[in-house]
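Listed below are the residues making up each chain.
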Amino acid sequence: EIMAVAWFTINPALGLILYSYLNIAEFAGRSVGGFFNYNVKFKNAHKTAATLFVYVFYEICDSILLFVSFPIMLVMRAACGFLGSNSAVLRASAVQNYIPDEDRGKINSLLGVRNSIFIMVVTSIGGALGDLIGIRETVIIACAIGMLSIFVNVFLKRKEISEIFMKMPDDISNSKFVI
């Protein structure tokens, strides 16, 4: 995200106003995705594959974002918003169902602190790297690291992740559509 802001800032054909349109497109995608998620339910057996697909899709879109035309950027951000909102709901509900009630608050707060520290460190490293080798090159490296992380932490552990999803109640009885 920070590299996209830098790219839009230094690119005279783009600018921060067009960057704000990307955020609007992602918001619109998330809004439509929320409506979709409310009306369509995933069977537990499909949740791991859906989550993995969204992670990979996000990394691919992020890796090529700065190489495509602005209209394609808008479509990609809207698609990421749509898919991301559905993935977030799947992930959050699985975690909330899996972690005991008495530990949930502590774990969520520790994850929040860890994520904040991680974002500060990675943003600083990314900014410095962007100054050294270029913004697009930094994004490619970051996305390659992200893809490797998805492979190690999600793809290789998909059986364990599936077990977490399978422990959830398969709440599809009152859904309009089921995937």
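1. Description of the overall build of the protein
Consideration 1: Helix and strand counts for the protein come out as seven helices and two strands.
Consideration 2: Beginning at the N terminus, the succession of helices and strands in the protein can be written as α-α-β-α-α-α-α-α-β.
Consideration 3: Principal-axis analysis of the C-alpha atoms gives the protein an extent of 50 × 35 × 25 Å.
Consideration 4: Scored against the burial criterion, the 179 residues of the protein give a buried share of 32%.
Consideration 5: Relative to all contacts within the protein whose residues are 6 or more apart in sequence, the contacts with residues 24 or more apart total 77%.

2. Notes on the environment of Leu-66
Consideration 1: Tracing the backbone shows Leu-66 in the loop between helix H3 (44-64) and helix H4 (70-98).
Consideration 2: On the accessibility criterion, Leu-66 (4% relative accessible area) is buried.
Consideration 3: Note: C-alpha distance between Leu-66 and Ala-6 (60 residues apart in sequence) is 11 Å.
Consideration 4: Excluding its chain neighbours within four sequence positions, the residues that come into contact with Leu-66 are Met-3, Ala-4, Trp-7, Met-73, Ile-135, Arg-136 and Val-139.

3. Let's talk about the packing of aromatic side chains
What describes a pair of aromatic rings is the distance from one ring centre to the other and the angle between the planes of the rings.
Consideration 1: Applying the stated criterion across every chain yields a total of five aromatic pairs.
Consideration 2: Between the aromatic rings of Phe-36 and Phe-82, the centroid separation amounts to 5.2 Å while the plane-to-plane angle is 55°, which identifies the pairing as tilted. Of this pair, Phe-36 sits in helix H2 (residues 16-39) while Phe-82 sits in helix H4, placing them 46 residues apart in sequence.
Consideration 3: With relative accessibility at 23%, the residue Phe-82 sits in the partly exposed group.
Consideration 4: Put simply, the rings of Phe-8, Tyr-19 and Phe-70 touch in pairs and so form one group of aromatic residues.
Consideration 5: Sitting above the plane of the Phe-155 ring, Arg-158 keeps its charged end 4.0 Å from the centroid.

4. Some thoughts on the packing of helix H1 (residues 2-10) against H2
Consideration 1: Interaxial distance between H1 and H2 falls to 8 Å at its minimum, and their mutual angle equals 145°. Across the interface between the two elements, Ala-4, Val-5, Phe-8 and Thr-9 of H1 pack against Leu-16, Leu-18, Tyr-19 and Leu-22 of H2.
Consideration 2: Taken together, the residues of the contact of H1 with H2 break down into seven nonpolar, one polar and no charged.

What counts, and at which threshold
- Residues numbered from 1 in each chain as written.
- Predicted model: local features only at pLDDT ≥ 70, side-chain atom pairs only at ≥ 80, totals over all residues.
- Heavy atoms only, no water.
- Helix = DSSP H or I, 4+ residues; strand = E, 2+ residues; numbered from the N terminus.
- Buried < 20%, exposed > 50% of the residue type's maximum accessible area, 1.4 Å probe, protein only.
- Contact = heavy atoms within 4.5 Å.
- Phe/Tyr/Trp six-rings, centres within 6.5 Å; stacked < 30°, edge-to-face > 60°.
- Lys NZ or Arg CZ within 6 Å of the ring centre and 35° of its normal.
- Axes fitted to C-alpha atoms, helices over the stretch in contact; angles between N-to-C directions.
- Nonpolar A, V, L, I, M, F, W, Y, C, P; charged D, E, K, R; others polar.

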